[in-house]
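Working through the structure, step by step
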Amino acid sequence: MKFGPVPIDEAEGAVLAHATTAGERRFRKAHRLSGEDIAALKATGIGEVVVAVLAPEDLGEDAAAEQIALSMTHRNVETKPAATGRVNLHAETAGIFTVSVEMIDAINAIDPSITIATLAQHAPVEQGQMVATVKIIPFAVAASLVDAVVNICTRGEIFAVNAYRPVNIGVIQTVLPSIKPSVLDKTLRVTEARLARSGGRLTAERRTPHEIAPVAEAASALARDNDMVVIFGASALADFADVIPAAIERAGGTVIRAGMPVDPGNLLVLGTLAGKRVIGAPGCARSPKENGFDWVLDRLIAGLDVTARDIAGMGVGGLLMEIPTRPQPREPLPALRSARSEPRVDIVLLAAGRSSRMGGPNKLLALFDGKPLVRRTAERALGSKAAATIVVTGHQRERVRSALSGLDVTLADNPDFADGLASSLKAGIARVAPDAAGAMIVLGDMPGVSSRDIDSLIDAFRRSGGRAVVRAAHLGKRGNPVLLPRSLFSAVAHLERDTGARHLVEAEGLDVIDVEIGQGASIDVDTREALEGAGGVLQD
């Protein structure tokens, strides 16, 4: 093919490179000029046109694109008619797209004039969605190049939409005293919605203690009557011999892989039991936001195998924390960083409670080494790396504020303190600085938490880039304080009654870092016995 300007008398049969007007007639780009067209152009004084002149061995753009597309072997894909050198291919059903990368790469390496573009490997698609396009860039290409492409296309299936199947799924949710039934109920709703997009059906649910034997028993029972079993653990996977992988093996199954290089989704477990797939869902799967659990679940529902090697290969592209579908980015926004090099953390110290189990005295005014407990706690907060300390008061607010006299704290009044813990959280979070990346929730009745303990939590939060939830722990058990990233602040507004920060941690599916600080994480003084045992003296 030759391309360029030619005298009008030599242009018959050539392909017009640009739209051209001749009087009242307008010739479109790629129009093949006839003798009548040449006469009309000459009549308006046009003496030269830019055209493509096809050689005998050339194929026009539409013919070339159509020949290539029709030579392809694919499944559940519809080929559309050629136009302007392009053939689009669309999904005939919803499912997971798979493609032979080797074949596509080989075709695109033949010549730049011939291109094929597709969706990414394992992309989820809806019925009618375009999955690939064949585009011929010039107006024509040599037939020999098209033949070379067709030869590659005949080697096997080039791509496919693997249709979702109507699978039945049984769900196990393990239970600990710390997890609320409302969290489990929400998990079911999120899971049902997740399955709806692929035609899966949640057929049964079992709630068991977070222990190996009952989980193994429930998994065996559900595997008999379902195509797949999904297990939501009340506690995150901490070791490859933890409850969920151990339960799969106790039931006679095999763990294929524990852990995946996708974030969020690192703590997924994949196994088989009685010929059925078992997924130990990561905590983030309690949220509808995309995570590694979706990648594995959708492929299995589409009938695709997922091996340990497949999961190991998900790391490139597996950093999902900034995908557009996440309504709240986990990476702190630049505006939320302080002028210092580290993300700012404020402390919200809760001191509004009624001490109802004390039988009258306010535990926050109990003396520890001659000092009111609330003042002692506030001083330790002020002695930490936190930028500010906000004390929420309510019950006996004047007495509590008097105990804090002279300290550089911000006081936040909660007139609704009798409604429960949630109202105090709202009052405190509302006073956190606009540039704070996180807020540490410190309970006023925990005498064993030191400034050093608080700093350990802040350090862990900063190492996470200011995006993870950080909890104090003792002997592997979660405790207090808890440091919340700003991404959870908006969710605080929806808490009710005595629902606290722990509910947010369990419900929102963010990364959680547990920091061992010793016994102080688990010592509170809700009763007279506990307070006196910790060294406190109640005041009337």
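Conventions we followed
Residues numbered from 1 in each chain as written. Predicted model: local features only at pLDDT ≥ 70, side-chain atom pairs only at ≥ 80, totals over all residues. Heavy atoms only, no water. Pairing = 2+ DSSP bridges. Helix = DSSP H or I, 4+ residues; strand = E, 2+ residues; numbered from the N terminus. Axes fitted to C-alpha atoms, helices over the stretch in contact; angles between N-to-C directions. Contact = heavy atoms within 4.5 Å. Buried < 20%, exposed > 50% of the residue type's maximum accessible area, 1.4 Å probe, protein only. Polar contact = N/O pair within 3.5 Å; in protein donor to acceptor, adjacent residues only side chain to side chain. Salt bridge = Lys/Arg side-chain N within 4 Å of Asp/Glu carboxyl O. Parallel < 35°, antiparallel > 145°, perpendicular 65-115°, else oblique. Left-handed = near helix turned anticlockwise from the far one by under 90°. Nonpolar A, V, L, I, M, F, W, Y, C, P; charged D, E, K, R; others polar. Core = buried A, V, L, I, M, F, W, Y, C linked by side-chain atoms within 4.5 Å.

Here we come to the sheet that holds strand E28 (residues 469-474). Across the sheet, 7 strands lie side by side as E26-E25-E22-E27-E29-E28-E30; this open sheet has mixed pairing. Because the sheet does not close on itself, it has two edges, and the strands there are strand E26 (410-413) and strand E30 (512-516). Strand after strand, the sheet turns through a mean of 25 degrees between neighbouring axes, direction not considered. Examined bridge by bridge, E28 and E30 share 5 bridges and lie parallel to one another. Looking across to E30, one finds that Val470 is bridged to Ile513. Helix H10 (residues 373-382) rests against strand E22 (344-351), strand E25 (388-393) and strand E27 (436-443) of the sheet, and its axis sits at about 175 degrees to E22.

Along the chain, the position of Arg344 falls in strand E22. The class of Arg344 is buried, set by a relative accessible area of 17%. Expressed as a C-alpha distance, the spacing of Arg344 and Ala388, which sit 44 residues apart in the sequence, is 9.1 Å. Engagement of the side chain of Arg344 in a polar contact is seen with the side chain of Asp346, the distance being 2.8 Å.

Here we have 4 strands laid out as an open sheet, ordered E7-E15-E10-E12, and mixed in their pairing. The open sheet terminates on both sides in strands that have one partner only, identified here as strand E7 (73-75) and strand E12 (124-125).

A word on the pattern of salt bridges. Within this structure, the stated rule accounts for 20 salt bridges. A salt bridge links Lys80 to Glu78, with the shortest nitrogen-to-oxygen separation between them at 3.5 Å. A relative accessible area of 34% means that Glu78 is categorised as partly exposed. For Asp294, the salt bridge identified is with Arg197, shortest N-O distance 2.5 Å. Within this pair, whereas Asp294 is found in helix H8 (residues 292-301), its partner Arg197 is found in the loop between helix H5 (181-196) and strand E17 (201-209), the two being separated by 97 residues in sequence. By relative accessible area, Asp294 is classed as buried at 4%. What you see here is one network of salt bridges that share partners, running through Arg194, Arg197, Asp294 and Asp298.

Moving on, we get to the side chain of Asn414. Topologically, Asn414 is positioned in the loop between E26 and helix H12 (421-429). A distance of 3.0 Å separates the side chain of Asn414 from the side chain of Ser423, its partner in a polar contact. Ignoring anything within four residues of it in the chain, the contact list for Asn414 reads Val392, Thr393, Gly394, Arg397, Ser423, Ser424 and Ala427.

Here strand E8 (residues 77-79) pairs with strand E9 (residues 86-91) via 3 bridges, running antiparallel. Residue Glu78 lies in a different strand from E9, and its bridge partner there is His90. Linking E8 back to E9 in an antiparallel pair, the connection comprises 6 residues, with Thr84 at a positive phi of about 50 degrees. Bridge count for E9 against strand E13 (residues 130-136) is 5 bridges, and the pairing is antiparallel. Its bridge partner lying in E13, Val87 is registered against Val134.

This paragraph deals with unusual backbone geometry. Cis geometry is found at the peptide bond from Asp263 to Pro264, where omega equals 5 degrees. Here Pro264 shows up in the loop between strand E19 (254-258) and strand E20 (269-273). A cis amide bond links Asn480 to the next residue, Pro481, at an omega of 5 degrees. In this structure, Thr84 is a non-glycine residue whose phi angle is positive, near 50 degrees. Mapped onto the secondary structure, Thr84 falls in the loop between E8 and E9. Of the residues examined, Thr84 reaches a relative accessible area of 57% and is grouped as exposed. Positive phi is not limited to glycine here, since Ala274 has a value of about 55 degrees. Tracing the backbone shows Ala274 in the loop between E20 and strand E21 (276-281).

Locating Asp346 in the fold gives a position in strand E22. Given the relative accessible area of 1%, Asp346 is considered buried. Looking at Asp346, its side chain comes within polar contact range of the main-chain nitrogen of Ala433, at 3.0 Å. If we skip the residues at most four places from it in the chain, Asp346 touches Ala387, Ala388, Ile390, Val432, Ala433, Ala436, Gly438, Ala439 and Met440.

Next up on the list: H8. Burial runs high along H8: 10 of the 10 residues are buried. Here H8 starts with a cap whose side-chain oxygen sits 2.9 Å from the backbone nitrogen of Phe293, and that cap is Asn291. The first or second residue beyond H8 is Gly303, which carries a positive phi of 80 degrees.

Position of Gly370 among the secondary structure elements: in the loop between strand E23 (367-368) and strand E24 (371-372). Separated by 49 residues in sequence, Gly370 and Asp419 place their C-alpha atoms 31 Å apart.

Two numbers describe a pair of packed helices, the interaxial angle and the distance between the axes. Packing of helix H6 (residues 212-225) against helix H7 (residues 243-250) brings their axes to within 8 Å, and their N-to-C directions diverge by 55 degrees. Classed by the angle they form, the pair H6 and H7 counts as oblique. Judged by the twist between their axes, the crossing of H6 over H7 is right-handed. Two secondary-structure elements touch here, H6 through Ile212, Ala213, Val215 and Ala216 and H7 through Val243, Ala246, Ala247 and Arg250. Its residues placed into classes, the contact of H6 with H7 shows 7 nonpolar, no polar and 1 charged.

So, about the nonpolar core. Membership of the largest hydrophobic core comes to 32 residues, with the highest contact counts inside it found for Ile347, Leu349, Val374 and Met440. No other element matches helix H13 (residues 451-463), which puts 5 residues into this core. For Ile347, the contacting residues outside a window of four places in its chain are Ala381, Ser384, Ala386, Ala388, Thr389, Ile390, Met440, Val442 and Ile454.

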